[in-house]
Amino acid sequence: DKGNYRHFMAKEIHEQAEVVGRTLAHYVNFSSERVELPIELPFDFKDLKRLSISACGTAYLAGLIAKYWFERLARIPVEIDVASEFRYREAPLEPGSLALFVSQSGETADTLASLRYATSEKQHTLSVVNVPTSTMARESSVVAPTLAGVEVGVASTKAFTCQLTVLLSLAIAAGRARGTLSADDEKELVNALIAVPGQMTEAMKREHQIEVLSRELSKAKDVLYLGRGTSYPLAMEGALKLKEISYIHAEGYAAGELKHGPIALIDETMPVIVIAPYDNIFEKTVSNMQEVAARGGRIILITDERGALEASLDTMATIVMPSVHPIVAPLINAVPIQLLAYHTAVFMGKDVDQPRNLAKSVTVE
Ligand code: F6R
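Remember, it's a predicted structure, so these values are computed and weren't measured experimentally.

A. The arrangement of the environment of Leu258 in detail. On the secondary structure map, Leu258 appears in the loop between β9 (249-254) and β10 (271-275). Separated by 33 residues in sequence, Leu258 and Glu291 have C-alpha atoms that sit 8.8 Å apart. Other than its neighbours up to four places away in sequence, Leu258 contacts Leu224, Leu226, Ile263, Ile266, Asn288, Glu291 and Val292.

What follows is the structure, given as structure tokens:
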């Protein structure tokens, strides 16, 4: 049931504050301000030398964001690969290590094959899945559920932000277990997470601005998305969303890679979407934006209040998100990139819930 929405995708984007809140309530104790995992882990994070993550598509990009979190908060070296590569590359895995999988459906053929490979290599397997009855849920040593509810739209939206919620909770738990995160740090991060649903609701208020902007975007042949840190995987997610439902060619790049190639593409016809919350690498991204502006590129900046103030440069549009703790910024900035893809595709008359050539669950490789 689409409720009052035109498409499942719109409904699912708007549901995010609620389902992220529900997922959060499962992993976090609001009164002690600590992560309390609802699952029994058959390993101790403090014994891990390495973590390997594999997944496909949007779930892979959630994993890539989690790499930054696990490395920063828990100081665990993380290896991440798309599952279609991981399953065949015969990566050497030390028995007793942890392999983590992320999947909405729990049925994706390549991710499932990677899980089976990890099992055969005597890894502990931890799967973040949305469908509790799925094959991956059954075959993993432990399941960390996302509580996004049924996701109907082929383009993943609410499952993605719920995956991020679970992955950040796990990274915090790992940081505590490994002694890399103090009790005060944990409280600060947990409170940042608790604030997310409200901030997502706030972020939704930019929808009208984004809808107007999407008319411009619909004229583009190519769109470039840039970001640094956790905004880099989010830039790739923005590009993936746009291309899969609007069929506009889009690429996501680490902003620092701009001058190593993609800058050659920039001209007056090319929108460049920059995701840059005000954080420790903000200034670096601003220099990249100046390089884009100097070549006539049309910038759409997704930032927060402080970033909008400090950027002081000509943009085609600036989408101002609420100011949030930098660690949770990808959860909030997911909202405008989803809305931008959605409205662009709707404006172009595309079938956003059933894009051509795509299936909700890819059970063949
Ligand atoms: C993109 C999208 C796909 C899926 C991918 C993995 O919007 O939905 O890229 O994320 O096919 O699917 P799951 O998460 O079911 O393993």
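B. Expanded view of the pairing of β10. Summarising burial for β10: 5 of the 5 residues are buried, a large majority. Burial of the side chains of β10 extends over both faces: Pro271, Ile273 and Ile275 are buried on one face and Val272 and Val274 on the other. Sheet analysis places strand β8 (residues 222-227) next to β10, joined by 4 bridges and oriented parallel. From the neighbouring strand, Gly227 faces β10, where its bridge partner is Ile275. In the sheet, β10 pairs with strand β11 (residues 298-304) via 5 bridges, with the strands oriented parallel. If you follow Ile275 over to β11, its bridge partner there is Ile302. For the crossover that starts at β10, traverses helix α12 (residues 282-294) and ends in the parallel β11, the hand is right-handed.

C. Spotlight on the state of the cysteines. Using the criterion set out here, one finds 0 disulfides in the structure. Cys162 takes part in no disulfide bond, and the closest cysteine sulfur, belonging to Cys56, lies 19 Å away.

D. Highlighting the packing of helix α3 (residues 57-74) against helix α7 (residues 158-177). With their axes 9 Å apart at the nearest point, α3 and α7 run at an angle of 20 degrees to one another. In terms of axis orientation, α3 runs roughly parallel to α7. Seen from above, α3 lies across α7 with right-handed handedness. Side by side, α3 and α7 meet where Thr58, Ala59, Leu61, Ala62, Gly63, Ile65, Ala66, Trp69, Phe70, Leu73 and Ala74 of the first sit next to Phe160, Gln163, Leu164, Leu167, Leu168, Leu170, Ala171, Ile172, Ala174 and Gly175 of the second. In terms of residue class, the contact of α3 with α7 is made up of 17 nonpolar, 4 polar and no charged.

E. The arrangement of α7 in detail. Relative to the 28 Å expected for 20 residues at 1.5 Å per residue, α7 spans 29 Å between its end C-alpha atoms, a close match to the ideal helical length. Burial of α7 is extensive: 18 of the 20 residues sit out of reach of the surface. Within two residues after α7, Gly179 carries a phi angle of roughly 70 degrees, on the positive side.

F. Geometry of the site of the ligand. For the ligand, the set of nearby residues contains 13 residues, the closest of which are Ser103, Gln104, Ser105, Thr108 and Glu244. Here an oxygen atom of the ligand and a backbone polar atom of Gln104 are 2.6 Å apart. For the ligand, an oxygen atom lies 2.7 Å from a polar atom in the side chain of Ser105. The protein chains hide 90% of the 410 Å² of surface that the ligand would expose on its own. Taken together, the elements giving at least two residues each to the shell around the ligand come down to α3 and α11 (231-246). The leading source of residues in the shell around the ligand is α3, at 3 residues. In terms of residue class, the shell around the ligand is made up of 4 nonpolar, 7 polar and 2 charged.

G. Fine view of the packing of aromatic side chains. Counted according to the given criterion, the structure contains 3 aromatic pairs. Summarising the aromatic geometry, the rings of Phe43 and Phe45 are spaced 5.3 Å apart at their centres and angled 85 degrees between planes, so their arrangement reads as edge-to-face. Taken individually, Phe43 and Phe45 each receive the classification buried, so the pair is uniform in this respect. Taking the centre distance of 5.0 Å and the plane angle of 50 degrees together, the rings of Tyr278 and Phe282 count as tilted. Classification of Tyr278 as partly exposed rests on a relative accessible area of 29%. Here the basic side chain of Arg356 rests over the ring of Tyr247, its NZ or CZ set 3.8 Å away from the ring centre.

H. Main features of the nonpolar core. Counting residues in each nonpolar core, the largest one holds 97 residues, and the members touching the most others are Trp69 and Phe70. Examining the composition of this core, we find that 12 residues originate from one element, helix α14 (residues 329-347), more than from any other. Every residue in contact with Phe70, bar those within four places of it in the chain, is listed here: Phe45, Leu51, Arg75, Ile76, Val78, Leu100, Leu167, Leu170, Ala171 and Ala174. Counting 17 residues, the second-largest nonpolar core is a separate cluster that includes Ala255, Ile266, Val286 and Leu301.

I. View of unusual backbone geometry. With a phi angle near 55 degrees, Arg75 is a residue other than glycine that sits in the positive phi range. Structurally, the position occupied by Arg75 is in the loop between α3 and β4 (78-82). At Asn357, a residue that is not glycine, the phi angle is positive and equals roughly 65 degrees. Inspection of the secondary structure assignment puts Asn357 in the segment after α14. On the accessibility criterion, Asn357 (76% relative accessible area) is exposed.

J. Molecular detail of the sheet that holds β11. Taking strand neighbours across the sheet as the criterion, the 5 strands line up as β9-β8-β10-β11-β12 in an open arrangement whose pairing is parallel. Taken across any chain shown, the strands that pair with only one partner, and hence form the sheet edges, are β9 and β12 (317-321). Taken over all neighbouring pairs, the strand axes of this sheet differ in orientation by 15 degrees on average, direction set aside. Contacting β8, β10, β11 and β12, helix α10 (residues 207-217) runs over the sheet at an angle of about 150 degrees to β12.

Here is what the cut-offs are and how they apply
Residues numbered from 1 in each chain as written. Predicted model: local features only at pLDDT ≥ 70, side-chain atom pairs only at ≥ 80, totals over all residues. Heavy atoms only, no water. Helix = DSSP H or I, 4+ residues; strand = E, 2+ residues; numbered from the N terminus. Contact = heavy atoms within 4.5 Å. Buried < 20%, exposed > 50% of the residue type's maximum accessible area, 1.4 Å probe, protein only. Pairing = 2+ DSSP bridges. Right-handed = clockwise from strand over helix to strand, strands pointing away. Disulfide = S-S within 2.5 Å. Axes fitted to C-alpha atoms, helices over the stretch in contact; angles between N-to-C directions. Parallel < 35°, antiparallel > 145°, perpendicular 65-115°, else oblique. Left-handed = near helix turned anticlockwise from the far one by under 90°. Nonpolar A, V, L, I, M, F, W, Y, C, P; charged D, E, K, R; others polar. Expected span 1.5 Å × (residues − 1). Near = heavy atom within 4 Å. Polar contact = N/O pair within 3.5 Å; in protein donor to acceptor, adjacent residues only side chain to side chain. Areas by Shrake-Rupley, 256 points an atom, 1.4 Å probe, with all protein chains shown as cover. Phe/Tyr/Trp six-rings, centres within 6.5 Å; stacked < 30°, edge-to-face > 60°. Lys NZ or Arg CZ within 6 Å of the ring centre and 35° of its normal. Core = buried A, V, L, I, M, F, W, Y, C linked by side-chain atoms within 4.5 Å.

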